[in-house]
Amino acid sequence: MLAYIVKRLLATIPVMATVAVIVFMLLHLTPGDPAALIGGDLATPEDLRRIREQLGLERPIAEQFLGWLWQVLQGDLGTSLFNQMPVSQLIAQRIEPTLIIGLTIMTFAVIVAIPLGVVAAWKAGSWIDQLIMTLAVIAFSMPIFLIGYLLIFKFSVELKWFPVRGYQPMSAGPTKFFPHIVLPSLTVSFIYIALLTRMTRATVLDVLNQDYMRTARAKGMTTPRILAVHALKNAAVPIVTMVGIGLSSLLGGIVVTETVFAIPGMGRLMIDAIIRRDFPILQGVILVLSALYVLINLLIDLSYSLFDPRIRY
Amino acid sequence: MHRRQFIAGASAAATGLATPRLGHTQANRARTLRFAPHADLSFVDPVWTLAYIARNHGFMVFDTLYGLDSGFEPQPQMVAGHVVENDGLLWRLTLRDGLLFHDGTPVRAQDCVASIRRWATADAFGQKLMAVTDELSAVSDREIRFKLKRPFPLLPAALGKASPYMCAIMPERIALTPQTTQIPEVIGSGPFRFLASERVPGASAAYARFDRYVPAPGAPSFVAGAKVAHFDRVEWITIPDAGTAAGALQSGEIDWWEAPPPDLIPLLKGNSKIAVETLDPAGSVGVFRFNHLHPPFNNPAIRRAVLAAVDQAPFMQAVAGDDPAMWNDRVGYFTPGTPMASDAGMAGLFGPRDLAKAKRELAAAGYRGERVVLLAASNIDAIHALAQVAQDLLTRIGMNVDYVSTDWGTVMQRRTSQQPVESGGWSAFVGTWSGNDLVNPAVSISLRGDGKAAGGWLTSPEIERLRDAWFEAPDLAERQKICRALQEQAWQDVPFIPLGQWKTQSARRTSITDLPRGIPLFWGARPS
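As the structure is a prediction and not an experimental result, all values here were calculated from the model.

### What to know about the sheet that holds strand β5 (residues 90–95) of chain B
By way of backbone hydrogen bonds, the strands of a sheet pair with one another, either parallel or antiparallel. All names here are of chain B. Ordered in space as β4-β5-β7-β6, the four strands form an open sheet in which the pairing is antiparallel. At either margin of the open sheet sits one strand with a lone partner, and together these are β4 (79–85) and β6 (133–138). Between one strand and the next, the sheet's axes are offset by a mean angle of 15°, whatever the strand orientation. Two strands pair when backbone bridges link them, and β6 and strand β7 (residues 143–148) are joined in this way by five bridges, in the antiparallel orientation. The residue of β7 that forms the bridge with T133 is L148. Taken strand by strand, helix α3 (residues 109–122) contacts β5, β6 and β7, and its axis lies near 145° from that of β6.

### As for the nonpolar core
Counting 141 residues, the largest nonpolar core has L65(B), F146(B), L159(B) and M399(B) as the members making the most contacts within it. By residue number, the principal contributor to this core is α3(B), which donates eight residues. Each residue touching M399(B), except ones within four places of it in the same chain, is listed here: P296(B), F297(B), I302(B), V306(B), L362(B), Y367(B), V372(B) and L394(B). Counting residues in hydrophobic clusters, the runner-up holds 58 residues, among them L196(A), L250(A), I265(B) and V276(B).

### Here we look at the pairing of β7(B)
Residues in a regular strand point their side chains to alternate faces of the sheet. All names here are of chain B. Judged from the five bridges that link them, β5 and β7 form a sheet pairing that is antiparallel. When the bridges of β7 are listed, W91 appears paired with F146. Between β6 and the antiparallel strand that follows it, β7, lie four residues.

### A short note on the domain arrangement of chain A
Residue and element names in this part refer to chain A. Taken as a whole, chain A is organised into domain 1 (20–73) and domain 2 (93–307). Just the C-alpha atoms count here: the centres of domain 1 and domain 2 sit 37 Å apart. Between domain 1 and domain 2, the residue contacts involve 13 residues of the former and eight residues of the latter. In total, domain 1 and domain 2 occlude about 920 Å² of area from one another, counting both sides; carbon and sulfur atoms represent 77% of this. Its largest share of buried area at the contact with domain 2, domain 1 owes to V23, L27 and W68, together 46% of the area lost on that side. One can count zero salt bridges joining domain 1 with domain 2. Applying the counting rule to domain 1 against domain 2 returns zero residue pairs in polar contact (both at pLDDT 80 or more). Secondary structure elements with two or more residues in the side of domain 1 that touches domain 2: α1 (2–29), α2 (34–39) and α4 (61–73).

### Remarks on helix α7 (residues 144–158) of chain A
Each α-helix turn comprises 3.6 residues. Residues three or four places apart therefore point the same way. If you check α7(A), its first and last C-alpha atoms are 20 Å apart, about what 15 residues at 1.5 Å a residue would give, namely 21 Å. Maximum bend of α7(A): about 30°, positioned at I152(A). Of all the positions in α7(A), only I144(A), I147(A), G148(A), L151(A), I152(A), S156(A) and V157(A) are classed as buried. The inward-facing, buried residues of α7(A) contact α8 (174–208) and α11 (250–260) of chain A together with α7 (242–250) of chain B.

### Remarks on the interface of chain B and chain A
Counting residues at the interface gives 53 residues for chain B, matched by 48 residues for chain A. Overall, the association of chain B and chain A removes approximately 4,100 Å² of surface from exposure, summing both partners, and the carbon and sulfur fraction of that is 57%. Along the contact surface separating chain B from chain A lie three salt bridges. When the shortest N-O distance is used, the salt bridge between R165(A) and E253(B) registers 3.8 Å. At the boundary of chain B and chain A, one finds ten residue pairs in polar contact (both at pLDDT 80 or more). For the side of chain B that touches chain A, the secondary structure elements donating two or more residues are α1 (3–29), α7, α13 (408–414) and β17 (428–434) of chain B. Counting residues per element, the side of chain B that touches chain A draws most heavily on α1(B), at six residues. Of the residues that constitute the side of chain B that touches chain A, the class distribution is 21 nonpolar, 23 polar and nine charged.

So, how was this worked out
- Residues numbered from 1 in each chain as written.
- Chains lettered and ligands numbered in written order.
- Predicted model: local features only at pLDDT ≥ 70, side-chain atom pairs only at ≥ 80, totals over all residues.
- Heavy atoms only, no water.
- Pairing = 2+ DSSP bridges.
- Helix = DSSP H or I, 4+ residues; strand = E, 2+ residues; numbered from the N terminus.
- Axes fitted to C-alpha atoms, helices over the stretch in contact; angles between N-to-C directions.
- Contact = heavy atoms within 4.5 Å.
- Core = buried A, V, L, I, M, F, W, Y, C linked by side-chain atoms within 4.5 Å.
- Buried < 20%, exposed > 50% of the residue type's maximum accessible area, 1.4 Å probe, protein only.
- Domains from an automatic or database assignment.
- Buried area = accessible area lost by both parts, 1.4 Å probe.
- Salt bridge = Lys/Arg side-chain N within 4 Å of Asp/Glu carboxyl O.
- Polar contact = N/O pair within 3.5 Å; in protein donor to acceptor, adjacent residues only side chain to side chain.
- Expected span 1.5 Å × (residues − 1).
- Bend = angle between axes of the 7 residues up to and from the residue.
- Nonpolar A, V, L, I, M, F, W, Y, C, P; charged D, E, K, R; others polar.

In structure tokens:
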């Protein structure tokens, strides 16, 4: 397995290099000039030239790219064009809320969705199945920002149970930290609960129709044992794959929840950088996220062997 | 676990979640003002950028030698006073006693000289001042001396200007930073200290009251007078979503929201713990800006034909709603209600327009269907609304409009292009300015005719001649007379078209009161 992990990690190098080139080129070919934004509405052409020169944007693209690449290889992600803080420091400030909320969303989704999906499969065609699937369709169809607003209105403005906005780090203690992640996580969870419920139902239903399930029933095994030990375990690989894909694609939802709840996370950092054309931040954030995606996919691949003894690394 | 034990435990947990938050809020609320600004504090150097947010931050942290009062007259602020000698050619400014920077060092004339020099490299008013200055020096720790080539009666107004760039006074060691580089430390002598270690870009910034600040004499008035801080701490909290900001204000998580959008005002007004008020009498002004280098708007007759078609009321309805009390559709080249504003040349320019006549005038002026590239920023609500009305108007008078809707970043980049539209250039775009940026020719940067000014590159020797004369005018009456002439000339050259002025409203919790008028300022405000 170690050899496999090393091989996979080595394979990430060309992937990351490709990502770096594509991201750099895309950003620099996209319309928009950070100097124009920094200079403001009333900046003269001379002002803009001066700002571009100071930011190093007057240099040829290839020179800028090689300069950035050399910095990255030395572990330096560069400095923000706007607030002049190191990108690595900005990412360090922002990564905790994004990771915590992302993991909370997926944990919550798994805890709720898998039992619901199994029950729906077990009771396929019944009113319970139809109810769960209807709720899943509703949850899947509701815009994330709308769910966020509804939760804020009810639980923050009316009941005052949770704060409307902001984030407190884990180091502030659970009584300050926990209330700030409940609503943002819940907001995005619905869509993943719906997705995972439907996925679990489909895969478990498929497994339930297999011959060995009939054999298990004939041997007198109880329904909970059949579902938990035989059905769910055999349906786990596609479900775990879906969880991995969900984690990787979570950023879109987190951008919305970070915006709605004014949470200073990676999603907001990226959106602000896009609006401002703050290239070093964007390049740094995308590079870090790409590395995270690669890591998540590796962990998902490795987890397959836990559920399917035929898979060995 | 029994059911009752579970319920009791869950209740305790829920109480535990809510209670600490309430406790935290109550402990700090009395002495902390939580403010949601219109934008994130991206820059902390108010002499490096024209961004309003940096200027607002600047007035918290830095003091100025003079300050404009609510009548836009400069008053001594850091200076105790000045003496003018030699027929206006020698100015001696004396600093007040006891002024300190936030690092505890005294404010010296040398600091002021370095700060003025840094500011004057970037600011148009400062450049004008330095152009007539033979010598700027620190005679002693408390005396600053200007030796001028020609009288410059507006010297206090220049040093006290409230629009970007402000003449922020900082320690000499920091002020020696080239203006092209942001300052490495934010050390001023203003009523609040910037807490750099607490800044999270994109999320928050914090300030603490500077206990050793020595207020100027006199009642506070705009950026002049006594700047007495009643809050120990001010937090700026960036909330990108308006709905969330409304919720935060309603629930008491913030105390003051600088700029709620007009559609949320009725909701906020319905809350008895929230007061909605207009703090900035200068408001905001919409402007239609031309590219004067290329057809069709390099032709002044065509610009005048478009001007003749503009009725400011629909623009204001689009941006500020149907209540005429919230806007002014009789706006000239200077902000209404300020000393330089007048009705010069405005007869017949306002009210419902005859578009058929405007169409004929356009044809008579030589318009032959050239493509008009109208840039519109779709991610800024006010600009988007104004641009849509502008597109409709231009189309209705027969112009061949290519409406290019992008984000503000792209607009800002494209508007720097001096190429014709076929090569990626532009013809016109819509913007908004603070009314404070149109109060006189010194701060109205697009009211220029030097062929170089931002936003359009108009060449008009007469506008430049009048502007130069304004700087040297001996008194207010003469300056007002020149501004009347300048406005009449502007209606002929049409450097840009004013689209009306609207009131920007602020919302605050009733638990705070006495918010200063004008731009967001934090001295004077107090718990109610």
